[in-house]
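One letter stands for each residue in the lines below.
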Amino acid sequence: MSAIRARVPGSKSLTNRALAIAAMADGVTELDNPLVSDDTTAFADALVALGVSVERQARRWTVTGSGAGPRVRSGRVWCEDAGTAARFLPPMVAAVGGVFDFDGTDQLRARPLHPLIDALRALGATVEPSGDGGGLPFRLVSDGLAGGEVVLASGTSSQYLSGLLMAGPLLSNPLTVVAPDLVSRPYVDMTIAVMARFGVQVTEARPDRFTVDPGRYTRTRYLVEPDASTASYVLAAAAVTGKEVSVDGLGSASPQGDRRFVDVLSQLGATVTADRDRVTVRGPRHLRGGFEVDMGSISDTFMTLAAIAPLADAPIRITGVGHARLKESDRIDAVAQNLVACGVPVRTGPDWIEISPTDPSPALIHCRRDHRIAMSFSVLGLRVSGLLLDDPACVSKTFPGFHDELARLFADGR
Ligand SMILES: O=C(O)C1=C[C@@H](OP(=O)(O)O)[C@@H](O)[C@H](O)C1
Ligand SMILES: C=C(OP(=O)(O)O)C(=O)O
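Keep in mind it's a predicted model, so treat the numbers as computed, not measured. (Residues numbered from 1 in each chain as written. Chains lettered and ligands numbered in written order. Predicted model: local features only at pLDDT ≥ 70, side-chain atom pairs only at ≥ 80, totals over all residues. Heavy atoms only, no water.)

Enquirer: Provide a residue-level description of the confidence of the model for the protein chain, including the pertinent values.
Expert: For the protein chain, per-residue confidence averages 97 on the pLDDT scale, and residues scoring 70 or more make up 99% of the total. Model confidence for the complex is summarised by a pTM of 0.98, with the ipTM given as 0.99. (pLDDT = per-residue confidence, 0-100.)

Structure representation (structure tokens):
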């Protein structure tokens, strides 16, 4: 049996990092295979509103940077639903200077931002939230940032640190960020790797202490690899259907932490083969449970496992995912409520969930406008006929073509 090749679109995290850095680099950066979805479109539109040229063709986005960040010194920055826009763009415009009004959807307004706001204030910017929550919406006023050392509370998101580090070269003095309790560490490693591709180094004196010197990003040509979090759905689908699926371009040297989701699929009994160019998963006859797994550093994929966990032969406990309560939805609660609706025995705690085996019943899945709830339960739907999503279109945050691709890969009779 030869593997079915999944068409997984480009990485959201790599696309938005490359966009941000290209906007600060001098000259023209070509981004090949960018993700085209709500989050990356929002990010690119925000850069355009800041005076950066982003020309968009289907398979290539071309960004023209000024070498010193956005040219515009005032404006409204609409982040829509994108956590990366709300966390990466404020440090960049604070470093350049000006008056900027940031806002996003109600979903994004509800997500934490105060650690980043506190850090920007400590570095000299004025940030005035105008809503109830202390985060978005806010007005940022800055004359540019001098640099120095700042302590950043990083227990709710790694994105604040990524945003500060990427803006680092624009500051007039070295920037040192001390980030205790850092969650989602692989995303910071990804930031450091993309910065290095554009010629800027981050020094790590300790695992929680990062320094960037003033400098300049060098324009480049950047190929965005497939999104590892998105790949989790098609690879988990292979695991539950017993088929063999491969993702080209997601090799063993990928800077995306979520590629390690395949290790979890191995624990379930799937056969995983990987080389520099692709990863392939073949589903087992039966899914094996009876294990505990800390998914704190790959938390975008914990729902992929949780949704299919009832199909395993013994309970599965997922730990370390407390910060997943602060994303597009409270993801522990969203997964638990939907599994319970399918008749699945579930127990939860502040940062864990335990799922016991059962034959799930059909139910209406409440997506809570969370693309990952929709995609995770669609994978379970390959084994449970009659599962319905209340909001299938919410997948457009990261994969507008998700339902078509799942149907293409797993249509009956393949
Ligand atoms: O930096 C990034 O690109 C991301 C970091 C993670 O968020 P947290 O650091 O908030 O966990 C992840 O969940 C998100 O989808 C993308
Ligand atoms: C948490 C996510 O997105 P964001 O970039 O908005 O944080 C996600 O894509 O799962």
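Enquirer: Break down the UniProt feature "domain: Enolpyruvate transferase" (unreviewed entry) in the protein chain for me, with residues and values.
Expert: UniProt's entry tags residues 7-406 with the feature "domain: Enolpyruvate transferase" (unreviewed entry), counted in the numbering of this structure. This span, residues 7-406, is 32% helix and 23% strand, and a straight line between its end C-alpha atoms measures 10 Å. (UniProt positions renumbered as here; feature names shortened; annotations may be inferred. Helix = DSSP H or I, 4+ residues; strand = E, 2+ residues; numbered from the N terminus.)

Enquirer: Before we move on, could you go through the UniProt feature "binding site: 3-phosphoshikimate" (unreviewed entry) in the protein chain and cite the residues and values that matter?
Expert: UniProt annotation of "binding site: 3-phosphoshikimate" (unreviewed entry) refers to Lys12, Ser13, Arg17, Ser157, Ser158, Gln159, Ser184, Asp300 and Lys327 when read in the numbering used here. If you trace the backbone, Arg17 turns up in helix α1 (residues 12-24). Residue Arg17 is classed as buried on the basis of its relative accessible area, which comes to 2%. Setting aside residues no more than four positions away along its own chain, Arg17 makes contact with Phe88, Ser162, Met166, Tyr187, Met190, Thr191 and Val194. Here the side chain of Arg17 touches Ser162 through a polar contact of 3.5 Å, side chain to side chain. Within the secondary structure, Gln159 sits in helix α6 (residues 159-167). Relative accessible area serves as the criterion here: at 16%, Gln159 is assigned to the buried category. When residues no more than four places from it in sequence are discounted, the contact partners of Gln159 are Gly83, Thr84, Arg87 and Phe88. (Buried < 20%, exposed > 50% of the residue type's maximum accessible area, 1.4 Å probe, protein only. Contact = heavy atoms within 4.5 Å. Polar contact = N/O pair within 3.5 Å; in protein donor to acceptor, adjacent residues only side chain to side chain.)

Enquirer: An account of the packing of helix α8 (residues 228-241) against helix α12 (residues 371-381) is requested, with residue identities and associated values reported.
Expert: The geometry of α8 relative to α12 is characterised by a closest axis approach of 9 Å and an angle of 15° between their N-to-C directions. With respect to α12, the axis of α8 lies roughly parallel. Once α8 is placed against α12, the crossing between them reads as right-handed. The residues of α12 that touch α8, namely those facing Ser229, Tyr233, Ala236, Ala237 and Val240, are Arg372, Met375, Ser376 and Val379. When its residues are assigned to classes, the contact of α8 with α12 shows six nonpolar, two polar and one charged. (Axes fitted to C-alpha atoms, helices over the stretch in contact; angles between N-to-C directions. Parallel < 35°, antiparallel > 145°, perpendicular 65-115°, else oblique. Left-handed = near helix turned anticlockwise from the far one by under 90°. Nonpolar A, V, L, I, M, F, W, Y, C, P; charged D, E, K, R; others polar.)

Enquirer: Tell me about the packing of aromatic side chains, and please be specific about residues and values.
Expert: Enumeration over the complete set of coordinates arrives at five aromatic pairs. Aromatic pair Phe43 and Phe88: ring centres 6.3 Å apart, planes at 70°, arrangement edge-to-face. Highlighted residues: Phe43 in helix α2 (residues 38-49) and Phe88 in helix α3 (residues 83-96), separated in sequence by 45 residues. For the pair Phe198 and Tyr222, a centre-to-centre distance of 6.1 Å together with 25° between the ring planes defines the contact as stacked. Linking Phe198 in the loop between α7 (185-197) and β11 (203-206) with Tyr222 in strand β13 (residues 221-223), this pair joins segments that are 24 residues apart in sequence. The class for Phe198 is buried, based on a relative accessible area of 0%. Since its relative accessible area comes to 5%, Tyr222 is described here as buried. (Phe/Tyr/Trp six-rings, centres within 6.5 Å; stacked < 30°, edge-to-face > 60°.)

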